[in-house]
Amino acid sequence: MTDPTQWMSIGEFARACRLTVKALRYYDREGLLPPGRVDPHTGYRYYTPAQLASALRIGLLRRAGVSVAAIRSIVDDPERGADVLAVERARIEHEAERAMRSLALVGSLEELAAMELPVRLRHIDDQVVLWREGSAEADDLDSTVAASIEGLLADAAALGVDTEAPVVGRYPVVLEGTVDFGVGIEVAPESGVEALLMPGGLFAAVDFTGPAALLPVAYHALFADLADRGVDAVGPVREYYLTDPAEVGAENMLTRVVHQVPGLDPKPPTPPQ
């Protein structure tokens, strides 16, 4: 039995391991570092010096950004510690790279926000497209769509479809929760492949050059224009990817964002640019 003279109050233990009392209570709730004893009458938590090493390790792992779930795996099965940490290291590096890319975009965003992107009315003909549908959580939409487009182009090539045609994506106006979307590429009506008819009509359109992460700037301009026209932005919205990012780079990708404008007299097609 542990020598009772060695028990440390939660405050003493927190000072010794350089953690807060709040953090120790949280680690207790998560099952990472339960106290050695809890007084049944007062509910006070007590720890032993032997627990200091575990507390220091947990604190260091959390400061390094290791998730609570990963720490729990290490605590439950120390032999898997190296494998768990390798996965966490890869995750942390990925998040750090993404954060640096986001910071780099801030300057571009400030410049774009000061610009007025022109919104033009364009007539789009009916299109027959090889079509693929998917769904993703809103936070994962960009990566899921990119994978879907890659699969679409692979299918198109296997079917003998011209993969030089622009890819089109169709999305809801509100990106929240699980988002249903579709991607397609135009095929000849007589191609014989199973395809979808995408209706044409008159659309308000914004051409945007830049990475996908900054497309909300184009959406802002588009929705403001629709509001001026008295048109509700109810969707769906289409994105036409007019350049190949593999050729021009993600920073120079040209995307046309369009939303149908009902109730207006049709106009001649806008000459291609």
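See above for the structure.
Residues numbered from 1 in each chain as written. Predicted model: local features only at pLDDT ≥ 70, side-chain atom pairs only at ≥ 80, totals over all residues. Heavy atoms only, no water.

Visitor: Looking at this structure, how should I read the sheet that holds strand E10 (residues 237–241)?
Guide: Sheets are built from strands that pair by backbone hydrogen bonding, the pairs being arranged parallel or antiparallel. Within the open sheet, the 8 strands sit side by side as E4-E9-E11-E10-E6-E7-E5-E8. Their pairing is antiparallel. Two strands in the sheet have a free side with no partner beyond their single neighbour: strand E4 (120–124) and strand E8 (196–198). Geometrically, the sheet is characterised by an average inter-axis angle of 40 degrees between neighbouring strands, direction not taken into account. Judged from the 4 bridges that link them, strand E6 (residues 167–171) and strand E7 (residues 178–186) form a sheet pairing that is antiparallel. Counterpart to Val-168 in the pairing with E7 is Gly-184. Sitting on the sheet, helix H6 (residues 141–158) touches strand E5 (127–137), E6, E7 and E10, and the angle it makes with E7 is about 30 degrees. (Pairing = 2+ DSSP bridges. Helix = DSSP H or I, 4+ residues; strand = E, 2+ residues; numbered from the N terminus. Axes fitted to C-alpha atoms, helices over the stretch in contact; angles between N-to-C directions. Contact = heavy atoms within 4.5 Å.)

Visitor: Help me understand the nonpolar core in this model?
Guide: Note that soluble globular proteins tend to have their nonpolar side chains buried in a common cluster. Formed by 38 residues in total, the largest nonpolar core has its most connected members in Tyr-171 and Ile-185. Counting only elements with at least two residues in this core, the list comes to E5, H6, E6, E7, strand E9 (201–209), helix H7 (215–229) and E10. If one sorts the elements of this core by residue count, H7 sits on top with 7 residues. By size, the runner-up hydrophobic cluster in this structure holds 21 residues, among which are Ile-10, Val-68, Ala-70 and Ile-71. (Core = buried A, V, L, I, M, F, W, Y, C linked by side-chain atoms within 4.5 Å. Buried < 20%, exposed > 50% of the residue type's maximum accessible area, 1.4 Å probe, protein only.)

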